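Take a look at the letters that make up each chain.
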Amino acid sequence: MRTHYCTDLNETNVGEDVVLTGWANNYRDHGGIIFIDLRDKTGLIQLTCDPEDSQEAHKVANDVRDEYVLIAKGKVRLRGEGLTNPRLKTGAIEIVVNELIIENKSAPVPFVIGDKNVGEETRLKYRYLELRDPDVFEVFRLRSKAAIAARNVLDANGFLEVETPILTKSTPEGARDYLVPSRVHNGEFYALPQSPQLFKQLLMVGGFDRYFQIAKCFRDEDLRADRQPEFTQIDVEMSFCTQEDVIKVAEDLLEGMFKACGVNIKPPFNRMTYKEAMEKYGSDKPDLRYGLEMVDVIDIFERCDNEIFTNIAKQPHKNRIKALKVPGADLVFSKREMKSFEEFVRKFGAHGLGYFQMKEDGLKGPLIKFFQEEDINLLIERLDMQVGDVVFFGAGEKKTVWDYMGRFRNFIAEHEKMNLIDEDAYEFVWVVDFPMFEVEDGHVKALHHPFTQPKDTDKDDVEEIESIAYDIVLNGTELGGGSIRIHKEEVQEEIFKLLGIEEEEAQTKFGFLLDALKFGAPPHGGFAIGFDRLMMIISKKASIRDVIAFPKTQKAACVLTQAPSEVDNTQLRDLHIRLREQVKA
């Protein structure tokens, strides 16, 4: 039907006969000449319907309304001096229409295409209309380019694309599974995969050596801006590899995907250990677009005259006292504002938030009276404090301090009065040497998953055992990560014991993997990149929902299709299911 997309045309096409298709973005009648802005996925171009050029086309144009589907035939010409529109890519030209076809009409639309102030509920209910916006389309053009680039990079590196099952076994580790009842197996359920983890390991046992998949995954978890119940990840596994081999492939992959989206990044990326990330930034996904590193001052506080601090400082293995210097904060924040910051950190378990201000005549603050002059001077030296700086400090149990001080660091960087973040920067960092385990309520849990290779297990404190695991972080967002896997049966059994998983339970949950490890499993490892999160950052969107064609709301509902929805009793009977409310009745 068409000869060009709208924005394919420019001044070099003047005089050419063209055929364009799209939707009427708006309609204007200026003294008998009708102007229509035609829109397709690339953008807008102006159609001019003058009765002197074509009475028939002008007559049809008179019936056009917003979002009508049009086919326009005409000639490209310059708009003329003083008539150009610099806001449009095609603002210097127009199409003089000699034939106009209304291919389909449109009901009045609930919002103007391109209006950025429409509420999310409305946008998602009529998502197909929002997708007509060229700005929205651009996100998915980039997403397609990135996916193709990923396939090309991995193919060039000898990886084979393999689809793994969507209906699989429930292995409740981490987030909740989405369960699918079986019609033919009464009382039994499939689960939708949280990741292809076990199957990609089985592919390595099967000798595939290098696998990848752009995989759909499902997690029934509480949602945030960077989470959805169904999401896409680029999943990679390889055999006979080290951590260095895996990281090199991941960096090549990211470089290729960013390049396809018009962004140049330069591996190798920075690295830091998990311990360094937590001690300096209070997070295992630090945003390195700004400084604000936390500094240990527990030794200085141990000598102060405040009993609360000295008691905390006497247990440096268990507790932390962290200082966060904010350059120039005394010049932009009032005392009242600095005191209000305490309310922010209290939400995350802090008992308070102290601060010192660097004045012309030295360090000041309500707690300065508890310190000797030599320790005050040591604080100034260790924190390299200059006039106008403020140092905030938190004290308490180390995980709590890490958490609220890390959050406070981000809060300060994002504060409108500080404006410390370069929105155009891409700061990658690998966080490595994660703990193998964490203890919650007296129970040992795998920090990543129980198939991660430990560095060693000969530690008295189970939380001190490190794993060969690595996360790739970009601008404070975890893009993904992975690990070298356990490939020996006896090591896997030892890890299960540490996790309190008995042999019978292990066989029930993971028997098929444990059986496979008996048959010459090669050393192997891999990673997964959250494709949606990656595209959210590349396209500079605030929510993951903006880079998914038909996303769910924060309540995991699809307002477009009204899913989830009730089903009739016949379907429930076929699946051997009775709802609780019906049973009570």
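Residues numbered from 1 in each chain as written. Predicted model: local features only at pLDDT ≥ 70, side-chain atom pairs only at ≥ 80, totals over all residues. Heavy atoms only, no water.

### Quick notes on the overall build of the chain
Counting its regular elements, the chain contains 18 helices and 22 strands. Across its three principal axes, the chain shows a C-alpha extent of roughly 90 × 75 × 60 Å. Counting across all 585 residues of the chain, residues that qualify as buried make up 49%. Total accessible area on the chain is roughly 29800 Å²; 48% of this is exposed by carbon and sulfur atoms. Positive and negative side-chain charges of the chain, numbering 77 and 102 respectively, have mean locations separated by a distance of 3 Å. (Helix = DSSP H or I, 4+ residues; strand = E, 2+ residues; numbered from the N terminus. Buried < 20%, exposed > 50% of the residue type's maximum accessible area, 1.4 Å probe, protein only. Areas by Shrake-Rupley, 256 points an atom, 1.4 Å probe, with all protein chains shown as cover. Lys, Arg positive; Asp, Glu negative; His and termini not counted. Charge placed at Lys NZ, Arg CZ, Asp CG, Glu CD.)

### Quick look at unusual backbone geometry
Of the consecutive residues P267 and P268, the connecting peptide bond is found in the cis state with omega at 0°. Note on placement: P268 falls in the loop between helix 6 (243–260) and strand 11 (270–273). Looking along the chain, the bond that leaves A563 and enters P564 is cis, with omega of 0°. Mapped onto the elements of the fold, P564 is located in the loop between helix 16 (531–538) and helix 17 (569–574).

### Concerning the sheet that holds strand 2 (residues 33–40)
With mixed pairing, five strands are arranged side by side around a closed barrel as 1-2-3-5-4. Across the sheet, the mean angle from the axis of one strand to that of its neighbour is 55°, orientation sign disregarded. Here strand 4 (residues 69–78) pairs with strand 5 (residues 93–104) via 10 bridges, running antiparallel. What sits directly across from I71, in strand 5, is I101. (Pairing = 2+ DSSP bridges. Axes fitted to C-alpha atoms, helices over the stretch in contact; angles between N-to-C directions.)

### Remarks on the pattern of salt bridges
Counted by the stated rule, this structure contains 46 salt bridges. Linking E67 and R132 is a salt bridge whose minimum nitrogen-to-oxygen distance equals 2.8 Å. With E67 in the loop between helix 1 (55–61) and strand 4 and R132 in the loop between helix 3 (127–130) and helix 4 (134–156), this pair connects stretches of sequence that are 65 residues apart. The residue K455 makes a salt bridge to E466 at a minimum N-O spacing of 3.8 Å. Of this pair, K455 sits in the loop between strand 19 (443–446) and strand 20 (469–474) while E466 sits in the loop between strand 19 and strand 20; the two residues are 11 residues apart in sequence, bridging distant segments of the chain. (Salt bridge = Lys/Arg side-chain N within 4 Å of Asp/Glu carboxyl O.)

### Some remarks on the environment of C261
Inspection of the secondary structure puts C261 in the loop between helix 6 and strand 11. Distance from C261 to V139, taken between C-alpha atoms, is 9.9 Å for residues 122 residues apart in sequence. When near neighbours in sequence (up to four residues on either side) are disregarded, C261 contacts L142, A146, M535 and I538. (Contact = heavy atoms within 4.5 Å.)

### A look at a negative patch on the surface
Taken together, the side chains of E490, E493, E502, E503 and E504 make up a negatively charged region of the molecular surface. Where the negative patch is concerned, the elements lending two or more residues are helix 14 (489–498) and helix 15 (503–517). Here E490 shows up in helix 14. (Patch = residues over 30% accessible without salt bridge, like charges linked within 9 Å, V, L, I, M, F, W, Y side chains within 5 Å.)

### What to know about the sheet that holds strand 10 (residues 230–239)
Pairing is mixed across the open sheet formed by eight strands, whose spatial order is 6-9-10-22-21-20-17-11. Of all strands in the sheet, those with a lone pairing partner are strand 6 (160–161) and strand 11, marking the two edges. With respect to the sheet, helix 6 is in contact with strand 9 (210–218), strand 10, strand 11, strand 17 (428–432), strand 20, strand 21 (477–484) and strand 22 (524–530), its orientation differing from that of strand 22 by roughly 25°. Across the sheet, helix 7 (residues 274–281) touches strand 11 and strand 17, and the angle it forms with strand 11 is around 85°.

### Looking at the nonpolar core
Grouped together as the largest cluster of nonpolar side chains are 45 residues, with contacts concentrated most on I234, L254, F258, F428 and F527. At the level of elements, helix 4, strand 10, helix 6, strand 17, strand 20, strand 21, strand 22 and helix 16 are the ones that each hand at least two residues to this core. Counting residues in hydrophobic clusters, the runner-up holds 36 residues, among them Y290, F333, Y355 and A469. (Core = buried A, V, L, I, M, F, W, Y, C linked by side-chain atoms within 4.5 Å.)

### Notes on helix 11 (residues 335–346)
Counted at 1.5 Å a residue, the expected span for helix 11 with its 12 residues is 16 Å, and the 18 Å between its end C-alpha atoms agrees. Taken as a whole, helix 11 has its buried residues at M338, F341, E342, F344 and V345. Buried residues of helix 11, viewed axially, fall in a sector of 160°; they line one side. Across helix 11 from its buried face, at more than 90 degrees, point the exposed residues R336, K339 and E343. Buried residues along helix 11 sit in contact with helix 10 (329–332), strand 14 (354–359), strand 16 (390–397) and helix 13 (398–414). (Expected span 1.5 Å × (residues − 1). Arc of directions from axis to C-beta.)

### Focus on the packing of helix 4 against helix 6
Following both chains from N to C, one finds helix 4 and helix 6 inclined at 145°, their axes separated by 8 Å at the closest point. As helix 4 runs across helix 6, the sense of the crossing is right-handed. Judged by residue contacts, K145, A146, A149, A150, V153 and L154 of helix 4 engage V249, D252, L253, G256, M257 and A260 from helix 6. Grouping the constituent residues of the contact of helix 4 with helix 6 by class yields nine nonpolar, one polar and two charged. (Left-handed = near helix turned anticlockwise from the far one by under 90°. Nonpolar A, V, L, I, M, F, W, Y, C, P; charged D, E, K, R; others polar.)

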